[in-house]
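As a plain string of letters, each chain reads:
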Amino acid sequence: MRYFCDTEYDGFGGKLLSLALVPEDGGEELYVRLDVDLITDPWVERHVVPYLDTVPEALREKPMRREDAAHALAAFLAHDDEPVICADWPEDLAQISMLLITGPGRMVSVPPLTLKLLDLSGFSTAANSEVPHNALHDARALRDHVINHLE
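What you are looking at is a predicted structure, and each value in this text was computed from that prediction instead of being measured.

Our next topic: the overall build of the protein. The helix and strand tally for the protein stands at five helices and seven strands. In the protein, the order of α-helices and β-strands from amino to carboxyl end is β-β-β-α-α-β-α-β-β-β-α-α. When the backbone C-alpha atoms are referred to their principal axes, the protein occupies close to 40 × 35 × 30 Å. Each of the 151 residues in the protein was classed as buried or not, and the buried ones make up 48%. Of the contacts formed within the protein by residues at least 6 apart in sequence, a portion of 67% connects residues at least 24 apart. On the protein, roughly 8,100 Å² of surface is accessible, and the fraction owed to carbon and sulfur atoms is 53%.

On to the environment of Asp119. Looking at where Asp119 falls in the secondary structure, it is placed in the loop between β7 (114–117) and α4 (125–128). A residue is classified by how much of its surface remains accessible, and Asp119, at 67% relative accessible area, is exposed. At 2.9 Å, the side chain of Asp119 forms a polar contact with the side chain of Ser121.

Here the focus is helix α5 (residues 135–149). With 15 residues, α5 should cover 21 Å at 1.5 Å per step; its first-to-last C-alpha distance of 21 Å lies within 8% of that length. Buried within α5 we find Ala135, Leu136, His137, Asp138, Ala139, Ala141, Leu142, Arg143, His145 and Val146. In this fold, the buried residues of α5 make contact with β1 (2–9), β2 (16–23), β3 (30–33), β4 (84–87) and α4. The N-terminus of α5 is capped by Asn134, whose side-chain oxygen sits 3.0 Å from the backbone nitrogen of Leu136.

The next subject is the sheet that holds β3. Strand order in this open sheet of five strands is β3-β2-β1-β4-β7, and the pairing throughout is mixed. In this open sheet, the two edge strands, each paired with only one partner strand, are β3 and β7. For this sheet the average axis-to-axis angle between neighbouring strands, irrespective of direction, equals 25 degrees. Here β2 pairs with β3 via four bridges, running antiparallel. Opposite Leu19, over in β3, you have Val32 as the bridge partner. Taken strand by strand, α5 contacts β1, β2, β3 and β4, and its axis lies near 145 degrees from that of β1.

Turning our attention to the side chain of Ser18. Structurally, Ser18 is set in strand β2. Dropping the residues within four chain positions of it, Ser18 is found in contact with Asp6, Thr7, Glu8, Tyr31, Val32, Arg33, Leu52 and Ala135.

Looking now at the environment of Thr40. Tracing the backbone through its elements, the reader meets Thr40 in the loop between β3 and α1 (42–47). For Thr40 and Lys15, which are 25 residues apart along the polypeptide, the C-alpha to C-alpha distance reads 9.6 Å.

Rules of the game
Residues numbered from 1 in each chain as written. Predicted model: local features only at pLDDT ≥ 70, side-chain atom pairs only at ≥ 80, totals over all residues. Heavy atoms only, no water. Helix = DSSP H or I, 4+ residues; strand = E, 2+ residues; numbered from the N terminus. Buried < 20%, exposed > 50% of the residue type's maximum accessible area, 1.4 Å probe, protein only. Contact = heavy atoms within 4.5 Å. Areas by Shrake-Rupley, 256 points an atom, 1.4 Å probe, with all protein chains shown as cover. Polar contact = N/O pair within 3.5 Å; in protein donor to acceptor, adjacent residues only side chain to side chain. Expected span 1.5 Å × (residues − 1). Pairing = 2+ DSSP bridges. Axes fitted to C-alpha atoms, helices over the stretch in contact; angles between N-to-C directions.

Here it is as structure tokens:
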């Protein structure tokens with residue numbers, strides 16, 4: 001199945017703040033928020049941090065340690081034999097890939113997966129999102145755009 005991915009992170013190359021995967025079938029969604037001590041990018045502090053918890057209560061959990069978020073991601077993907085992770089920005093795919101790594105030479109166990117970068121020139125997830133710069137809402141906007149306008 002395809003999962004539409006969005007992440008929020010602390011500026012260019014910065015630490016992962018949150019990650020969302022939204023399945024194409026409208027089923028169970030994943031939203032993880034990581035425990036980050038210090039935000040270094042002022043833009044992120046103003047435009048992302050205030051909206052990190054703007055998700056449905058069922059998905060709102062306290063911020064997780066990175067390793068716990070990696071295990072939550074692995075558990076979420078475990079039921080799918082061949083997940084396809086779709087994103088419209090390379091950093092989203094880089095962030096999800098790095099989250100799989102839990103230490104030197106260690107990673108969480110996930111099924112064989114495909115990472116797919118979508119070319120959506122002219123489309124902005126934030127401009128089409130219910131809550132711009134929130135990973136869950138941006139991933140939903142991405143899914144809706146692909147399913148409703150590209151298929």
